[in-house]
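Structure at a glance
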Amino acid sequence: MRFMVIVKATPDTEAGKMPSTEMLAAMGKFNEEMAKAGVIEAGEGLHPTVTGARMKYGTSEAGVTRGPFDLSPDLIAGFWLIKTNSLDEAVAWMKRAPFDPGSEIEIRQVFSAEDFGEAFTPELREQEERTRAYAAKR
């Protein structure tokens, strides 16, 4: 099973405050442990929303709002994509993450092809495979 671990934004991350050398070292060690165990697929921090944009789709052209955005529970500061055998295993890994007190994450399962059932036809599966192969080459 694949999971996205969503790291929630804080006033510090939205202000662009960078982590300390100690935090970077601790997070690097944790990421390395996950890599050696074959758990981590990707993981990145995100710039503050001041450098981002939101888009809202309607019946005409998509609307664009540029950041910064008010700090709210929906803002994220980073993510991991991990592969574990269960949500419980993902939780166990994330319990070891070196976050400061008050930090918050969310763990969400990523859909797999099987989750879409018959609607995900063989033609759509082939298209998905071509897209992933093309993206892997870049």
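To be clear, the structure that these remarks concern was listed above.
Attention in this report is confined to the structure presented alongside it. (Residues numbered from 1 in each chain as written. Predicted model: local features only at pLDDT ≥ 70, side-chain atom pairs only at ≥ 80, totals over all residues. Heavy atoms only, no water.)

**Considerations on the overall build of the protein chain**
Inclusion rule: Each helix corresponds to a stretch of at least 4 residues labelled H or I by DSSP, and each strand to a stretch of at least 2 residues labelled E; elements are numbered beginning at the N terminus. Residue exposure (1.4 Å probe, protein chains only): buried if accessible area is under 20% of the type maximum, exposed if over 50%, otherwise partly exposed. We call two residues contacting when some pair of their heavy atoms lies within 4.5 Å. Here the accessible surface of atoms and residues is derived via Shrake-Rupley with a 1.4 Å probe, and residues count as covered only by protein chains that are part of the display. For the purpose of charge, His is not counted, nor are the chain termini; Lys and Arg are scored as positive and Asp and Glu as negative. The location of each charge is read from NZ of Lys, CZ of Arg, CG of Asp or CD of Glu.
Counting its regular elements, the protein chain contains four helices and six strands. Along the protein chain, from the amino end to the carboxyl end, the secondary structure elements read β-α-α-β-β-β-β-α-β-α. Each principal axis of the C-alpha distribution contributes one length, and for the protein chain these read about 50 × 45 × 30 Å. For the protein chain, the residues scored as buried account for 21% of the 138 residues in total. Once local pairs closer than 6 in sequence are excluded, the contacts in the protein chain between residues at least 24 apart make up 74%. With an accessible surface of roughly 10,300 Å², the protein chain has 54% of that area assigned to carbon and sulfur atoms. Across the protein chain, the mean location of the 17 positive side-chain charges is 3 Å away from that of the 22 negative side-chain charges.

**A few points about the pattern of salt bridges**
For clarity, the threshold we go by: Salt bridges are identified by distance alone: a Lys or Arg side-chain nitrogen within 4 Å of an Asp or Glu carboxyl oxygen.
According to the stated counting rule, one finds seven salt bridges in the structure shown. The shortest N-O distance in the salt bridge between lysine 8 and glutamate 106 comes to 3.0 Å. Here lysine 8 is found in strand E1 (residues 2-8), whereas its partner glutamate 106 is found in strand E6 (residues 105-109), with 98 residues between them in sequence. Residue classification places glutamate 106 among the partly exposed residues on the basis of a relative accessible area of 26%. Arginine 54 serves as the salt-bridge partner of aspartate 74, at 3.4 Å between the closest nitrogen and oxygen. Here aspartate 74, found in the loop between strand E4 (63-66) and strand E5 (76-83), pairs with arginine 54, found in strand E3 (residues 53-56); they are 20 residues apart in sequence, far enough to count as distant. Aspartate 74 gets classed as exposed once you look at its relative accessible area, which sits at 52%. Using a relative accessible area of 35% as the deciding quantity, one classes arginine 54 as partly exposed.

**Some thoughts on the side chain of threonine 84**
With respect to the helices and strands, the residue threonine 84 is situated in the loop between E5 and helix H3 (87-95). By relative accessible area, threonine 84 is classed as buried at 3%. If sequence neighbours within four positions are ignored, threonine 84 has contacts with Met1, Phe3, Val39, Glu89, Ala90 and Trp93.

**Side note on the sheet that holds E1**
Worth spelling out the cut-off: If DSSP finds at least two bridges between two strands, the strands pair. Axis definition: a line fitted to C-alpha atoms, limited for helices to the stretch in contact. Angles are taken between N-to-C directions and run from 0 to 180 degrees.
An order of E2-E5-E1-E6 is seen for the four strands of this open sheet, with the pairing classed as antiparallel. Two strands lie at the open edges of the sheet, namely strand E2 (40-45) and E6, each paired on one side alone. This sheet shows a mean twist of 15° between the axes of neighbouring strands, independent of strand direction. In terms of strand pairing, E1 meets E6 through five bridges, oriented antiparallel. The partner of phenylalanine 3 across the bridge, within E6, is glutamine 109. Packed onto the sheet, helix H2 (residues 21-36) meets E2 and E5 and runs at close to 25° relative to E5.

**Section: the nonpolar core**
Applied cut-off: Here, nonpolar core means buried Ala, Val, Leu, Ile, Met, Phe, Trp, Tyr and Cys residues that are tied together by side-chain atoms lying within 4.5 Å of each other.
Judged by nonpolar contacts, the single largest core of 14 residues is most densely connected at Phe30, Met34, Trp80, Ile82, Trp93 and Met94. Secondary structure elements with two or more residues in this core: E1, H2, E5 and H3. Excluding its chain neighbours within four sequence positions, the residues that come into contact with tryptophan 93 are Phe30, Glu33, Met34, Ala37, Val39 and Thr84.

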